[in-house]
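Examining the three-dimensional arrangement
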Amino acid sequence: MVIVALLLALNIHAFAENNYPSPKQEFFVNDFADVLSYETEVKIYRLGKELEDKTGAQVVLVTIDSLNGQDINEYANKLFEKWGIGQKDVDNGILMLYANAERLLRIEVGYGLEGAVPDIKTAEIRENYIRPYTKNDDFDSGFYNGYAAIVNEVAKEYNVEITTDTSPSPGDLNKEQRNTQESNSQDGDLGYSLLGLI
């Protein structure tokens, strides 16, 4: 009986460990829930890459289909650590995690950026830049605007200017256009916070 319980516990732990995806090559945008257009993914990637090039800080957007019963706070924390978001010595990473089935968003901020992007700021970004769009299922505009707002806050902290266009993205490409563009694309262009329903 004890052996069965132990094996069950090990299987549950193994499932939890395997439930975390590996980052995509583009790293800054990982749309596993498939809620973003190709155009928006490219714009997010370019923003994230410019920020990293100028500051070393990393802002990463991850969408997943479901938490499968896991707590989003624990999931975000584990994914943040597993992917090593930000520079290890200064902990200057931010993770935007969206679980589609639960419609939950978590913004996990590394300790090195908590002064620049505190809880009150992430709540403001969620309510003013993300939720007005995502409540109507416009994930392209919501996540792009939220991502751009976070990038701008981090850039201010480092006293750098982001030159990549941060205007809202309408996300008007349909799925067939997106799949065609993804297959034809050859270039590489592509802490703690409040939790919220979106």
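An account of the accompanying structure is given in this report.

Rules behind the numbers
Residues numbered from 1 in each chain as written. Predicted model: local features only at pLDDT ≥ 70, side-chain atom pairs only at ≥ 80, totals over all residues. Heavy atoms only, no water. Helix = DSSP H or I, 4+ residues; strand = E, 2+ residues; numbered from the N terminus. Polar contact = N/O pair within 3.5 Å; in protein donor to acceptor, adjacent residues only side chain to side chain. Core = buried A, V, L, I, M, F, W, Y, C linked by side-chain atoms within 4.5 Å. Buried < 20%, exposed > 50% of the residue type's maximum accessible area, 1.4 Å probe, protein only. Axes fitted to C-alpha atoms, helices over the stretch in contact; angles between N-to-C directions. Parallel < 35°, antiparallel > 145°, perpendicular 65-115°, else oblique. Contact = heavy atoms within 4.5 Å. Nonpolar A, V, L, I, M, F, W, Y, C, P; charged D, E, K, R; others polar. Pairing = 2+ DSSP bridges. Right-handed = clockwise from strand over helix to strand, strands pointing away. Salt bridge = Lys/Arg side-chain N within 4 Å of Asp/Glu carboxyl O. Expected span 1.5 Å × (residues − 1). Arc of directions from axis to C-beta.

Among the secondary structure elements, Asp-140 is positioned in helix α5 (residues 139-158). A polar side-chain atom of Asp-140 sits 2.7 Å from a polar atom in the side chain of Thr-40.

If you look at the biggest cluster of nonpolar residues, it comprises 51 residues, and the most contacted ones within it are Ile-94, Leu-95, Leu-97, Phe-143, Tyr-147 and Val-154. Of all the secondary structure elements, the ones that give two or more residues to this core are α2 (38-55), β2 (58-64), α3 (72-83), β3 (93-99), β4 (104-109), α4 (119-134) and α5.

Further remarks concern the packing of α2 against α5. At a minimum axis separation of 10 Å, α2 and α5 run at an interaxial angle of 10°. When the axis of α2 is compared with that of α5, the two are roughly parallel. Of α5, the residues touching α2 (which contributes Thr-40, Lys-43, Ile-44, Leu-47, Gly-48, Leu-51 and Thr-55) are Asp-140, Tyr-144, Tyr-147, Ala-148, Val-151, Val-154, Ala-155 and Tyr-158. Residue composition of the contact of α2 with α5, by class: ten nonpolar, three polar and two charged.

For Glu-102, the position within the fold is in the loop between β3 and β4. Note: C-alpha distance between Glu-102 and Leu-67 (35 residues apart in sequence) is 7.5 Å. Here Ser-66 takes part through its side chain, which lies 3.0 Å from a polar atom of the side chain of Glu-102.

To continue, consider the side chain of Ser-37. Within the secondary structure layout, Ser-37 lies in the loop between β1 (29-31) and α2. A polar side-chain atom of Ser-37 sits 3.1 Å from a polar atom in the side chain of Thr-40.

Time to look at the pairing of β2. Strand residues, when the strand is regular, have side chains that alternate between the two faces of the sheet. In terms of residue burial, β2 counts as a mostly covered element, since seven of its seven residues are buried. Burial along β2 is two-sided: the face carrying Gln-58, Val-60, Val-62 and Ile-64 and the face carrying Val-59, Leu-61 and Thr-63 are both buried. Here β1 pairs with β2 via three bridges, running parallel. Looking at the pairing, Asp-31 lines up with Thr-63 of β2. Taken together, β2, α3 and β3 form a β-α-β motif whose crossover is right-handed.

What follows is about the pattern of salt bridges. Across all of its chains, the model carries eight salt bridges by this definition. Arg-103 is the salt-bridge partner of Asp-137, the closest N and O atoms lying 3.0 Å from each other. Here Arg-103 lies in the loop between β3 and β4 and Asp-137 lies in the loop between α4 and α5, a separation of 34 residues in the sequence. For Glu-108, the salt bridge is made with Arg-106, and the minimal N-O distance between the two is 2.8 Å. With relative accessibility at 3%, the residue Glu-108 sits in the buried group. The structure contains a network of salt bridges with shared partners spanning Lys-121, Glu-124, Glu-153 and Lys-156.

This part covers α3. Here α3 contains twelve residues, and its C-alpha end-to-end distance of 16 Å stays within 8% of the 16 Å for a straight helix at 1.5 Å per residue. Considered for burial, the residues of α3 that qualify are Ile-72, Tyr-75, Ala-76, Leu-79, Phe-80 and Trp-83. Each buried residue of α3 sits inside an arc of 130° when the element is viewed along its axis, so together they form one side. Residues of α3 that are exposed and angled more than 90 degrees away from the buried face: Glu-74 and Glu-81. Where α3 starts, the residue carrying a side-chain oxygen 3.0 Å from the main-chain nitrogen of Asn-73 turns out to be Asp-71. Two residues or fewer past α3, Gly-84 is found with a positive phi of approximately 65°.

Take it as geometry only, folks, not as evidence of what the structure does.
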